[in-house]
Amino acid sequence: MATSSSSHGDNNITFPLLSKKNETEENSPIKQVALTVPTTDDSSLPVLTFRMWVLGTLSCVLLSFLNQFFWYRTEPLTITAISAQIAVVPLGQLMASKITKRVFFKGKSWEFTLNPGPFNVKEHVLITIFANSGAGTVYAIHIVTAVKVFYHKHISFPVSLLVVITTQVLGFGWAGIFRRYLVEPAAMWWPANLVQVSLFRALHEKEARTKGALTRSQFFIIAFLCSFAYYVFPGYLFQMLTSLSWVCWVFPHNVLAQQLGSGLNGLGIGAIGLDWSAISAYLGSPLASPWFATANVAAGFVFVMYILTPLCYWFNVYSAKTFPIFSNKLFTSQGYIYNITDIIDSNFHMDLAAYEKQGRLHLSTFFAMTYGVGFAALTATIMHVALFHGREIWEQSKSSFNEKSMDIHTKLMRKYRQVPEWWFVCILIGTIATTIFACEYYNEQLQLPWWGVLLACAIAIFFTLPIGIITAITNQSPGLNIITEYIIGYIYPGYPVANMCFKVYGYISMTQAITFLQDFKLGHYMKIPPRTMFMAQVVGTLIAGLVYLSTAWWLMESIPDICKDTSSVWTCPSDTVFYDASVIWGLIGPRRIFGNLGTYENVNWFFLGGAIAPLLVWLAARAFPQQEWIKLINMPVLIGATGMMPPATAVNYTSWIIVGFLSGFVVYRYKPDWWQRHNYVLSGALDAGLAFMGVVLYLCLGLEDVSINWWGNDLDGCPLAHCPTAKGFEVQGCPVFH
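What counts, and where the lines are drawn
Residues numbered from 1 in each chain as written. Predicted model: local features only at pLDDT ≥ 70, side-chain atom pairs only at ≥ 80, totals over all residues. Heavy atoms only, no water. UniProt positions renumbered as here; feature names shortened; annotations may be inferred. Phe/Tyr/Trp six-rings, centres within 6.5 Å; stacked < 30°, edge-to-face > 60°. Helix = DSSP H or I, 4+ residues; strand = E, 2+ residues; numbered from the N terminus. Buried < 20%, exposed > 50% of the residue type's maximum accessible area, 1.4 Å probe, protein only. Core = buried A, V, L, I, M, F, W, Y, C linked by side-chain atoms within 4.5 Å. Contact = heavy atoms within 4.5 Å. Axes fitted to C-alpha atoms, helices over the stretch in contact; angles between N-to-C directions. Parallel < 35°, antiparallel > 145°, perpendicular 65-115°, else oblique. Left-handed = near helix turned anticlockwise from the far one by under 90°. Nonpolar A, V, L, I, M, F, W, Y, C, P; charged D, E, K, R; others polar. Polar contact = N/O pair within 3.5 Å; in protein donor to acceptor, adjacent residues only side chain to side chain. Salt bridge = Lys/Arg side-chain N within 4 Å of Asp/Glu carboxyl O. Expected span 1.5 Å × (residues − 1). Bend = angle between axes of the 7 residues up to and from the residue. Disulfide = S-S within 2.5 Å.

- Where an unreviewed UniProt entry is consulted, the protein appears under the name OPT super, with the organism given as Pisum sativum.
- Looking at the protein in UniProt, the text filed under Subcellular location (unreviewed entry) is "Membrane".
- The protein has a UniProt comment under Sequence similarities (unreviewed entry) that states "Belongs to the oligopeptide OPT transporter (TC 2.A.67.1) family."

Considering the packing of aromatic side chains
Here is step 1: For the coordinates displayed, the defined rule picks out 43 aromatic pairs.
Here is step 2: Between F238 and W711, the ring centres sit 6.2 Å apart and the planes meet at 85°, which makes this aromatic pair edge-to-face. Of this pair, F238 sits in the loop between α9 (232-237) and α10 (246-250) while W711 sits in the segment after α27 (672-702), placing them 473 residues apart in sequence.
Here is step 3: When its relative accessible area of 23% is taken as the criterion, F238 is described as partly exposed.

A look at the nonpolar core
Here is step 1: Counting 145 residues, the largest nonpolar core has I340, L361 and F594 as its most contacted members.
Here is step 2: Broken down by element, this core gets its largest block of residues, 17 residues, from helix α21 (residues 496-525).
Here is step 3: L361 has contacts with L330, F331, Y338, I340, Y355, V583, I584, I588, I593, T599 and Y600, leaving out every residue within four places of it along the chain.

Quick word on the side chain of S509
Here is step 1: Inspection of the secondary structure puts S509 in helix α21.
Here is step 2: Contact partners of S509, with chain neighbours within four places excluded, come to T167, L170, G171, W174, A460 and V504.

Details of the packing of helix α6 (residues 157-182) against helix α22 (residues 530-558)
Here is step 1: One way to put it is that α6 packs onto α22 with a least axis distance of 10 Å and a crossing angle of 150°. In terms of orientation, α6 and α22 fall into the roughly antiparallel class. Along this stretch, α6 crosses α22, giving a crossing that reads as right-handed. Where α6 abuts α22, its residues F157, S160, L161, V164, I165, Q168, V169 and F172 lie against F534, Q537, V538, T541, L542, G545, L546, L549, S550 and W553.
Here is step 2: Split by residue class, the contact of α6 with α22 holds 12 nonpolar, 6 polar and no charged.

Remarks on the environment of T654
Here is step 1: As for its placement among the helices and strands, T654 is situated in helix α26 (residues 650-670).
Here is step 2: Separated by 383 residues in the primary sequence, T654 and A271 place their C-alpha atoms 7.4 Å from one another.
Here is step 3: Discounting residues that sit within four places of it in the chain, T654 has contacts with G268, A271, F301 and Y306.
Here is step 4: A distance of 3.2 Å separates a polar side-chain atom of T654 from the backbone oxygen of A271.

Topic: the pattern of salt bridges
Here is step 1: Here the structure, examined in full by the defined rule, presents 7 salt bridges.
Here is step 2: For D41, the salt bridge goes to K122, with nearest N and O atoms at 2.7 Å. In this pair, D41 is assigned in the loop between α1 (31-36) and α2 (50-71) and K122 in helix α4 (residues 121-134), connecting sequence segments 81 residues apart.
Here is step 3: Classification of K122 by relative accessible area gives buried; the value is 3%.
Here is step 4: A salt bridge links R51 to E123; its shortest N-O distance comes to 2.8 Å. One end of the pair, R51, is in helix α2; the other, E123, is in helix α4, and 72 residues separate them in sequence.
Here is step 5: What makes E123 buried here is its relative accessible area of 0%.
Here is step 6: Among the charged side chains, a salt-bridge network with shared partners connects D41, K122 and K415.

Looking at helix α13 (residues 291-314)
Here is step 1: The end-to-end C-alpha distance of α13, which contains 24 residues, comes to 33 Å, matching closely the 34 Å that a straight helix rising 1.5 Å per residue would cover.
Here is step 2: Along α13, the largest kink reaches about 30° and is centred on L308; proline P310 follows within four residues of it.
Here is step 3: Positive backbone phi, approximately 60°, marks N316, located one or two places after α13.

Considerations on unusual backbone geometry
Peptide bonds are trans in most cases, and residues, glycine excluded, mostly fall at negative phi.
Here is step 1: The backbone of N316 shows a phi angle near 60°, a positive value even though the residue is not glycine.
Here is step 2: With respect to the element layout, N316 can be found in the loop between α13 and β4 (330-331).
Here is step 3: The class for N316 is partly exposed, based on a relative accessible area of 38%.

A closer look at α6
Here is step 1: Its 26 residues place the ends of α6 36 Å apart at the C-alpha level, agreeing with the 38 Å of an ideal helix rising 1.5 Å per residue.
Here is step 2: The sharpest bend along α6 comes to roughly 35°, located at G176.
Here is step 3: Here α6 lies mainly inside the structure; 20 of its 26 residues are buried.

Some points on the environment of Y698
Here is step 1: The topology assignment puts Y698 in helix α27.
Here is step 2: Overall, the relative accessible area of 7% leaves Y698 in the buried class.
Here is step 3: In this structure the C-alpha to C-alpha distance between Y698 and F69, which are 629 residues apart in sequence, comes to 9.9 Å.

Quick notes on the state of the cysteines
In protein chemistry, a disulfide is the covalent bond that joins the sulfur atoms of two cysteines.
Here is step 1: For the coordinates displayed, the defined rule picks out 3 disulfides.
Here is step 2: Between the sulfur of C248 and that of C718 lies a disulfide, 2.0 Å long from S to S. Here the S-S torsion is close to 100°, and the disulfide linking C248 with C718 is therefore right-handed. Remark: C718 occurs in the segment after α27 and C248 occurs in helix α10; sequence separation between them is 470 residues. Taken individually, C248 and C718 each receive the classification buried, so the pair is uniform in this respect.
Here is step 3: In the protein, the cysteines engaged in disulfides, taken in order along the sequence, are linked 1-4, 2-3, 5-6.
Here is step 4: The thiol of C457 is not disulfide-bonded; the next cysteine sulfur, from C439, is found 9.6 Å away.

Okay, structure coming up:
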């Protein structure tokens, strides 16, 4: 699916405000950076300490394990580096107070100590960089899951590890090559980093507890324990808290009411989730989203979910009533689940005769519309950036490439030894060579020919710089995965694994590069020696790749019926959508779905609609310059709001929007001091408490398959929401309409 990503962090920062020339020269020309980032550096602070290696490795391993562990669950949870950033502070301080200060091999050139003094901010930053490697997800795992679980084909662990590591390291190569343009210039300011910089400063300030108030550490511990204790209810005892779809309870035998009210299989009207994993599963923490961004997401969700989808369904667009109103499944024209294995030949590519016999593949109308919305979000992002930020991007891009004078941060970083460019070039050449070898030697498993690897690399290197500039200035990254799927789908149809590999090497390696560049800039702001940063990122990337794959492999081998609907918890929603995309774009090919041989050719008009929408907002902003709110309409965010649907469901959005409104509007406006002091700490505590209880529940009860069978554990309580409403269609458990 195409996603228009609005970055985590302070999206209130919409664009840099350049300081005037007569202001002090010894600060960043970007006003927000000047107000947030310290302009001093204590180069005597130890960075590569024993504490850093222990806590950094532990954070990376834990986040990698937990994120992959939760990724296969019906309500996946992504634990961000902010959780580790907060959690390691008391651990670092404990190690500083308890570990021996003895100096080993004193007087010799290799002398060292396990405890060089107080836990300092530079160690903390490097631990967070380590943790970032384990935050999010390793996208290449989707390939392994799709091949092993969905296609039931063979892919070995060493080949899987090769794909995972080369994908991650390839992004590192692009980042290294472009860092001189995207990290060193002051104009490339990476707004999302300012939140973490603010948090570092808050956590390392001397804080005295005022009477009747809590310190940040105390607040974190209390919130963590509450989150830990509470998750036993939605996680085990009362799972219906994930989606309280009360409309279905009022109308237990009405298909229409359940289509409208189901939070997991319908439009989610009235549905609410009292489960933090459901709230933060796909859109990240709503506590980290400012109100204007939340409002854009809410508007986009309402338009797609409550206007576009019902209209298409009740006007029976693309035979919509033959299928469920909300589903990510693939169907035959008769409304039955499409048997994908029947159209795959012994060489693992499409059997055209079998496809023609079974008939064209159909999508639920909602699924087809979300692809259309993805098309629109792509062109909307390009047009929005060109119209609203084009001039600034051009001017600041020129200043980046021609910048002679350095800002204070770049000057301060000059005292440290830089990472030579040839290190990155060697990594890049070695990684590309390894990838070509893997794809050629294991072609039966990976399918991608050598020229596909080079074409994917060409796309990645072409897009990394412009998208890096856009992200570094506007805090938005266009979602270009559809471009890679489209290109290889037309050139090389019928090979699903080749399509998945091409997407991962072409698009995800670029996305990975953007993540690394953001980390580079964080290290730049916090004055971390570049070679130390390089070491931490390389080690963290390798550890994360191994832990992610090992965790996924363990879960796939040990959980029966994983990724099947029969599993109530392990339904792998994101992997299901990734698999569906490999069928649509890879196995069958875009020409037979969205092209002249397919059913959904008209969905391509969304490309045009997405291009026009920002133009209308731009014209309105120029016509009514006094109306400031018009400029807050961000069409890429608004149109791309439902880019995570499916696998995300309505209840994920409704709950996220409500919490985002309470945090970003109510508390931020009426209790700003509390919000500034506790908002991000609360977000990290909720993530961490939920994560630990989720693992405890699985290890103590899930492994032994100990469950409670009662109505409160019926996840949605809307059994009729998936029923079709076309006349004469019979589906088990559904009424027949006449």
